[in-house]
Amino acid sequence: MPKISNKGKQMPESPIRKLVPYSEIAKKKGHKVYHLNIGQPDIKTPEVAMNAVKNIDLTILEYSHSAGNESYRKKLANYYTNQGISVNIEDIIITTGGSEALMFAMGSTMDQGDEIIIPEPFYANYNGFSTASGVNVIPVISTIETGFALPAVADFEKLITPKTKAILICNPGNPTGYLYSKEEIMQLAALVKKHDLFLISDEVYREFTYDGDIHYSVMSVPGLEEHAIMIDSVSKRYSMCGARIGCIVSKNKEVMTTAMKFAQARLSPPTIEQIASEAALDTPQSYFDEVISEYRERRDTLIEELNKIDGVIVSKPKGAFYCIAQLPVNNADAFAQWLLESYDLDGETIMVAPAAGFYSTPGMGLNQVRIAYVLKKDDLISAVRILKAAIPVYNATQNQA
């Protein structure tokens, strides 16, 4: 029998999606499952984007330009300018989601065996993108005790080797919800300039900041033009996860010329979804005001309820719509599966994402879960009520085993 590749064997499972078969079984039993595991917003996609799709008048569904539709890139450049990020159309390549943008960034800047430093916990698929690109992730650990703040620059510096090519951050962070301050971004900027590295910043949650905190982009740092690469997406900003439209942005001409080769190899990004994404740029500010207000209330509700559970440790996220909660269980992976397989409270249970999959350091995050507060406040309260009731029952079963 032909053999599977070693790379394929090394590709990690998604901690967000690997428990889906168990949730399907729970639903077949008639149980209601509260999905806290995935960042799929229940917020409606802007009407202007949906109408653009409904009103498409095409006779041929053609390829778009490999870099994306020129009209969309022009409009996107204007959007970034209004965000204080000065870029031109040639600094933007439209991609099939932020995922492809990350693959283009790694493929354009790193060779087989090169290293990328990432503060962990981090978005689980960074492990997958790195494996697919033949790149080694070098983690620098941030802790729940500090709210997952940026680790000390000295912690980064001691990990830099001749094979180090980039530092990758997610700002605001998935899965932690941490928002890096301008001072922290400037520290990283100085570090990558000192060691001649790239600073790749995944900024897909830019709009989702709370309590008056301001997002500061790596693209706004003076003198960082040759080092900064920004990853973006329409998925969360406009609740358009299924559109699969993102972009890679950089003022480094060599990076963009190289990324364009990857863009040409995959031909072009989706045509209809670009039309929707271009229209979404006309979304009124009132939409975002309402969405941010809703997520702030959800965040506050979730954190308040989690803090009522003995033994749970959670830091208040500053952005995005996730938090990492440390639970009084010995194995969050087994606990998450047990919740779906063996537990319900009045016919209801919950699905969480075990946080170990958001680390690359073995043994880290074993008693942590990522929770996405993408549900209505009443559903969040119900979900945490189930979590609170389930923990002592689970621990009792473990003590009996």
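Residues numbered from 1 in each chain as written. Predicted model: local features only at pLDDT ≥ 70, side-chain atom pairs only at ≥ 80, totals over all residues. Heavy atoms only, no water.

**Student:** What am I meant to see in the packing of aromatic side chains here?
**Tutor:** Under the counting rule described, the total for this entry stands at 19 aromatic pairs. An aromatic cluster is defined as three or more aromatic residues linked by ring pairs; in this entry it consists of Y205, F208, Y295, F321, Y322 and Y373. (Phe/Tyr/Trp six-rings, centres within 6.5 Å; stacked < 30°, edge-to-face > 60°.)

**Student:** Mind showing me how you'd approach the sheet that holds strand β13 (residues 368-372) here?
**Tutor:** Taken together, the four strands give an open sheet; going across it, the order is β9-β10-β13-β12, and neighbouring strands pair in antiparallel fashion. Each end of this open sheet is capped by a strand with a single partner; those strands are β9 (313-314) and β12 (353-354). The pairing of β9 with strand β10 (residues 322-326) spans two bridges and is classified as antiparallel. What sits directly across from V314, in β10, is A325. On the sheet, helix α11 (residues 285-306) packs against β9, β10 and β13 and is oriented at approximately 5° with respect to β10. (Pairing = 2+ DSSP bridges. Helix = DSSP H or I, 4+ residues; strand = E, 2+ residues; numbered from the N terminus. Contact = heavy atoms within 4.5 Å. Axes fitted to C-alpha atoms, helices over the stretch in contact; angles between N-to-C directions.)

**Student:** I would appreciate a short explanation of unusual backbone geometry in the present structure.
**Tutor:** What is expected of a backbone is that most residues other than glycine have negative phi and most peptide bonds are trans. For the bond running from E120 to P121, omega is 5°, close enough to zero to count as cis. Looking at where P121 falls in the secondary structure, it is placed in the loop between β3 (115-120) and α6 (125-133). Residue N171 is joined to P172 through a cis peptide bond whose omega torsion reads -5°. Along the chain, P172 turns up in the loop between β5 (164-170) and α8 (182-195). Even without a glycine there, the phi angle at D211 is positive, about 60°. Mapped onto the elements of the fold, D211 is located in the loop between β6 (198-202) and β7 (228-233). D211 gets classed as partly exposed once you look at its relative accessible area, which sits at 47%. Although it is not a glycine, R244 sits at a positive phi angle of roughly 55°. (Buried < 20%, exposed > 50% of the residue type's maximum accessible area, 1.4 Å probe, protein only.)

**Student:** Got a minute to help me understand the sheet that holds strand β2 (residues 92-95) in this structure?
**Tutor:** The strands that make up a sheet are held in pairs by hydrogen bonds between backbone atoms, and each pair lies either parallel or antiparallel. Across the sheet, which stays open at both edges, the seven strands sit in the order β2-β8-β7-β6-β5-β3-β4 with mixed pairing between neighbours. If you trace the sheet from one side to the other, it starts and ends with β2 and β4 (136-141), each paired once. Going from strand to strand, the sheet's axes swing by 25° on average, the running direction of each strand aside. Pairing analysis gives four bridges linking β2 to strand β8 (residues 246-249), with the strands arranged antiparallel.

**Student:** What's the story with the domain arrangement of the chain in this structure? I'm lost.
**Tutor:** When the parts come together, some accessible area is lost, and that loss is often what is quoted as the size of the interface. Looking at the chain, the domain boundaries give domain 1 (6-44 + 286-399) and domain 2 (58-281). The straight-line distance from the C-alpha centre of domain 1 to that of domain 2 is 26 Å. Each side of the interface is counted separately: domain 1 has 38 residues, and domain 2 has 35 residues. Along the contact surface separating domain 1 from domain 2 lie one salt bridge. Across the pair D211 and R299 runs a salt bridge whose closest N-O atoms are separated by 2.8 Å. (Domains from an automatic or database assignment. Salt bridge = Lys/Arg side-chain N within 4 Å of Asp/Glu carboxyl O.)

**Student:** Before we go on, may I ask you to explain helix α13 (residues 377-400) in this structure?
**Tutor:** Turn by turn, an α-helix covers 3.6 residues, leaving residues three or four places apart pointing in a common direction. Here α13 is 24 residues long and its end C-alpha atoms lie 35 Å apart, about the 34 Å a rise of 1.5 Å per residue gives. Along α13, the sharpest change in direction is near 30° and occurs at A390; proline P392 comes one to four residues later. All of the buried residues along α13 are D379, L380, S382, A383, V384, I386, L387, A390, I391 and Y394. The elements touched by buried residues of α13 are β1 (32-35), α11, α12 (332-341) and β11 (348-351). (Expected span 1.5 Å × (residues − 1). Bend = angle between axes of the 7 residues up to and from the residue.)

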